[in-house]
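Spelled out, the chains give:
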Amino acid sequence: MPKYSIVVPLHNEQDNVTDLYDQLKAVMEASGESFEIVFVDDGSTDHTFPMLREIAAVDSRVAVVKLRRNFGQTAGLAAGFDHARGEYIIAMDGDLQHDPNDIPLFLEKIAAGYEIVSGWRKTRVDNFWLRRIPSRVANWMMAKISGVDIHDFGTTFKAYRRDILEQVPLYGELHRFIPALASWHGATICEVPIRNVNRERGVSHYGITRTFRVFFDLLTIRFLLRYLSRPLHFFGGFGMMSIFTGSGIVVWLGVEKFLRHVPVMASHGPLMMAALGLLLGGLNLLAIGLLGEMQVRHYHEPSRRAPYSVDRVLRSQNEEHTVSE
């Protein structure tokens, strides 16, 4: 088995595939460590997969996972992680904005005993207002929410010890938050500065909408880190506050009606409706919390539904597996 697996998800990157493979091979051969390269074709519609198939045919250290359609970056990484065989896994983008020559920096930190090594785009070259400022804000919020003191959660360029990844389920767009989720399991984490270069060929798949989605993911991470195994504490807390507030209003309205003989419906109709809404809303939140508690055990079960569907896997010359799912 190889010591290192380089996992690279690709979507319509025919202009970069050959150069990326050549650079990865040169860097890893120079390191003297055993390795494999796992390319994941995430539903490309250009010549990405035929080019990957040709590479896998001549290099047994290359595995190609072809997905049936474009499932997104997180699912592409999950497919690569599931098919990687290395003790340590290095993930990176396939557009050559991640420089393969930075990989030795990750290997040094792994050799020092760290379980997750995260890349840090210390000097960024992308748009200041649309990318750098929103990214800085999101990274600051993520560090505060998770308690993981790193500067760049957004980059895919990271190295992981295999058993840490096996404890972190990937779906949606959670790949950028693996260090935060892994910190819950006590993983040791550090970061290394990496080069950030402009894309020279191909079309970028990132836009401003991706930045907005990150902020919604922050709410998800906050909940996962604090209430994943006890959702009733979250929903139940708000539910009980709502019920107590509604009950207090009902008691006060009862005093007004039966002791002071005030026509409640005429004088406090809106307040009475608000009390009813608070009571019903509180009961609903309690029910959601209880349902969440019942779902927690499914999270802890070892079997997980993969967020992707594999068409075929290529591992060496004349070896092709077709997968039906």
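Residues numbered from 1 in each chain as written. Predicted model: local features only at pLDDT ≥ 70, side-chain atom pairs only at ≥ 80, totals over all residues. Heavy atoms only, no water.

Draft legend 1. Fine view of the overall build of the protein chain. A tally of helices and strands in the protein chain yields 10 helices and 9 strands. Of all 325 residues assigned to the protein chain, the portion counted as buried reaches 46%. Considering only intrachain contacts with a sequence separation of at least 6, the fraction spanning at least 24 residues in the protein chain is 79%. Per element, the accessible surface of the protein chain, about 16,600 Å² overall, is 58% carbon and sulfur. (Helix = DSSP H or I, 4+ residues; strand = E, 2+ residues; numbered from the N terminus. Buried < 20%, exposed > 50% of the residue type's maximum accessible area, 1.4 Å probe, protein only. Contact = heavy atoms within 4.5 Å. Areas by Shrake-Rupley, 256 points an atom, 1.4 Å probe, with all protein chains shown as cover.)

Draft legend 2. Region of interest: the UniProt feature "transmembrane region" (unreviewed entry) in the protein chain. What UniProt calls "transmembrane region" (unreviewed entry) maps, in this numbering, to residues 232-253 and 273-292. Structurally, residues 273-292 is divided into 100% helix and 0% strand, and its ends, taken at the C-alpha atoms, are 28 Å apart. (UniProt positions renumbered as here; feature names shortened; annotations may be inferred.)

Draft legend 3. Up close: the packing of helix α1 (residues 17-31) against helix α4 (residues 103-111). One can describe the packing of α1 onto α4 by two numbers: an axis separation of 10 Å at closest approach and a directional angle of 35°. In this structure, α1 meets α4 at a crossing whose hand is right-handed. Seen from α1, the contacting residues are Leu24, Val27, Met28 and Ser31; seen from α4, they are Ile103, Pro104 and Leu107. Counted by class, the contact of α1 with α4 contains 6 nonpolar, 1 polar and no charged residues. (Axes fitted to C-alpha atoms, helices over the stretch in contact; angles between N-to-C directions. Left-handed = near helix turned anticlockwise from the far one by under 90°. Nonpolar A, V, L, I, M, F, W, Y, C, P; charged D, E, K, R; others polar.)

Draft legend 4. Structural view of a nonpolar patch on the surface. There is a patch of nonpolar side chains on the surface, built from Val251, Val255, Phe258 and Leu259 and spanning about 430 Å² of accessible area. Relative to the helices and strands, Leu259 is located in the loop between α9 (231-258) and α10 (264-300). By relative accessible area, Leu259 is classed as exposed at 64%. (Patch = residues over 30% accessible without salt bridge, like charges linked within 9 Å, V, L, I, M, F, W, Y side chains within 5 Å. Salt bridge = Lys/Arg side-chain N within 4 Å of Asp/Glu carboxyl O.)

Draft legend 5. Structural context of the packing of aromatic side chains. Going through the model one piece at a time under the given rule, you end up with 5 aromatic pairs. Through pairs of rings, three or more aromatic residues link up here, namely Phe234, Phe235 and Phe238. Seen from the ring of Phe49, Lys66 lies directly overhead, with NZ or CZ sitting 5.4 Å from the centre. The positively charged end of Arg69 is found above the aromatic ring belonging to Phe71, 3.9 Å away from the centroid. (Phe/Tyr/Trp six-rings, centres within 6.5 Å; stacked < 30°, edge-to-face > 60°. Lys NZ or Arg CZ within 6 Å of the ring centre and 35° of its normal.)

Draft legend 6. Seen up close, unusual backbone geometry. For Asn12, which is not glycine, the phi torsion reads 55° and is therefore positive. Structurally, the position occupied by Asn12 is in the loop between β1 (4-10) and α1. Even without being glycine, Leu96 reaches a positive phi, approximately 65°. Mapped onto the elements of the fold, Leu96 is located in the loop between β4 (88-91) and α4.

Draft legend 7. Molecular detail of α1. The terminal C-alpha atoms of α1 lie 21 Å apart, and with 15 residues this matches the ideal 21 Å at 1.5 Å per residue to within 8%. Among all positions of α1, only Val17, Leu20, Tyr21, Leu24, Val27 and Met28 are buried. Along the long axis of α1, the arc covered by the buried residues comes to 140°, so they all point the same way. (Expected span 1.5 Å × (residues − 1). Arc of directions from axis to C-beta.)

Draft legend 8. Quick peek at the side chain of Arg315. Secondary-structure assignment places Arg315 in strand β8 (residues 310-316). Engagement of the side chain of Arg315 in a polar contact is seen with the side chain of Glu36, the distance being 3.4 Å. Within the structure, the side chain of Arg315 is placed 2.3 Å from the backbone oxygen of His83, a separation counted as a polar contact. In this structure Arg315 touches Glu36, Ser60, Val62, Ala63, His83 and Arg85, once residues within four positions along its chain are discounted. (Polar contact = N/O pair within 3.5 Å; in protein donor to acceptor, adjacent residues only side chain to side chain.)

Draft legend 9. Spatial organisation of the packing of α1 against helix α2 (residues 48-58). Contact geometry of α1 with α2 gives a least axis separation of 10 Å together with a crossing angle of 35°. The way α1 lies across α2 gives a crossing that is right-handed. Two secondary-structure elements touch here, α1 through Val17, Thr18 and Tyr21 and α2 through Thr48, Met51, Leu52 and Ile55. Looking at the contact of α1 with α2, its residues break down into 5 nonpolar, 2 polar and no charged.

Draft legend 10. Highlighting α2. Here α2 has its buried residues at Thr48, Phe49, Leu52, Ile55 and Ala56. Looking straight down α2, one finds that the buried residues subtend no more than 120° of arc, so they occupy a single side. The exposed set on the far side of α2, more than 90 degrees from its buried face, consists of Glu54 and Val58. Tucked inside the fold, the buried residues of α2 contact β1, α1, β2 (35-41), β3 (62-67) and β8.

Draft legend 11. Region of the structure containing the pairing of strand β6 (residues 158-161). Pairing geometry for β4 and β6, over 4 bridges, is antiparallel. From the neighbouring strand, Ile90 faces β6, where its bridge partner is Ala159. In the sheet, strand β5 (residues 116-120) pairs with β6 via 3 bridges, with the strands oriented antiparallel. Paired with Ile116 across the two strands is Tyr160, which belongs to β6. (Pairing = 2+ DSSP bridges.)

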